[in-house]
Amino acid sequence: MFVLLLKYIKPIEEVEKVLEPHRAYLEKYYSLQKFICSGRQNPRVGGVILSNAENREEVEAIIQEDPFYSKNIATYEIIEFTPTMHAEGFEQFISM
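In this text, all values refer to a predicted model and were calculated from it rather than measured experimentally. Along each chain, the written sequence defines residue order, and numbers are assigned to residues from 1. Totals for whole chains, interfaces and linings use every residue, but because this is a predicted model, local features are given only for residues with pLDDT of at least 70 and side-chain atom pairs only at 80 or more, for both listing and counting. Note that the side-chain values use all heavy atoms of the structure and ignore hydrogens as well as water.

*Asks:* When you look at the nonpolar core in this model, what are you seeing that I'm missing?
*Replies:* Nonpolar side chains in soluble globular proteins generally cluster together in the buried interior. By size, the foremost hydrophobic cluster in this structure holds 21 residues, and its most contacted members are Leu4, Tyr25, Phe35, Ile49, Val59, Phe68 and Tyr76. Helix numbers and strand numbers start at the N terminus; a helix is a DSSP run of H or I with at least 4 residues, a strand a run of E with at least 2. Breaking this core down by element, the ones donating at least two residues are strand 1 (2-8), helix 2 (19-31), helix 3 (56-64) and strand 4 (74-80). Whether two residues touch is decided by their heavy atoms; if any such pair falls within 4.5 Å, the residues are in contact. Beyond its immediate stretch of four places on either side in the chain, Leu4 contacts Phe35, Gly47, Val48, Ile49, Ser51, Val59, Ile63, Tyr76, Glu77 and Ile78. Buried residues of nine kinds, namely Ala, Val, Leu, Ile, Met, Phe, Trp, Tyr and Cys, make up a nonpolar core once their side-chain atoms join them within 4.5 Å. Three labels apply to residues, based on accessible area from a 1.4 Å probe with only protein chains included: buried if under 20% of the type maximum, exposed if over 50%, partly exposed otherwise in between.

Next comes the structure, spelled out in structure tokens:
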């Protein structure tokens, strides 16, 4: 499992211009069951995506498709972890 931390490197006005294509990107990977949840950081300096991609190589390939990444709007930090405890019901995301 992976936590993807996005950090905006352009002003929020530039972020807003690419928001719709970014949302389409997110929807694609939700439909492929590669993303579990996502949202803005507070304060709005970037975002967070929880992903259950198979491996780091897959995550890196997925990131390449994000307009925030390809248009140099945001950088990504990839944190891989192995869930050892979770809330009831979350196991469906671990075994996907």
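Next comes the rest of the write-up.
*Asks:* I tried to follow the packing of aromatic side chains on my own but got confused; where do I start?
*Replies:* How two aromatic rings sit relative to each other is set out by the distance from centre to centre and by the angle between their planes. When the centres of two rings from Phe, Tyr and Trp lie within 6.5 Å, Trp using its six-membered ring, the rings pair. Their planes under 30 degrees apart give stacked, over 60 give edge-to-face, and anything left gives tilted. Taken as a whole and assessed by the stated rule, the structure comprises six aromatic pairs. Their ring planes at 85 degrees and their centres at 5.9 Å tell us that Tyr8 and Phe68 sit as a pair that is edge-to-face. Here Tyr8 is found in strand 1, whereas its partner Phe68 is found in helix 4 (residues 67-70), with 60 residues between them in sequence. Across this residue pair, the class does not change: Tyr8 and Phe68 are buried.

*Asks:* Could you clarify how one ought to interpret the sheet that holds strand 4 in this entry?
*Replies:* Pairing between two strands is assigned when DSSP locates at least 2 bridges connecting them. The strand order across the open sheet built from four strands is 2-3-1-4, with neighbouring strands paired in antiparallel fashion. Looking at strand neighbours, the two that pair on one side only are strand 2 (35-40) and strand 4, the edges of this open sheet. With direction set aside, neighbouring strand axes in the sheet form an average angle of 15 degrees. Of the pairings in the sheet, the one linking strand 1 to strand 4 comprises seven bridges and is antiparallel in character. The partner of Leu4 across the bridge, within strand 4, is Ile78. For helices, the fitted line uses only the C-alpha atoms of the stretch in contact; every axis is such a line through C-alpha atoms, and the angle between N-to-C directions lies from 0 to 180 degrees. Along the sheet face, helix 2 touches strand 1, strand 2, strand 3 (46-51) and strand 4 and points at about 160 degrees away from the line of strand 2.

So, to be careful, I would describe these as geometric facts and stop short of saying anything about function.
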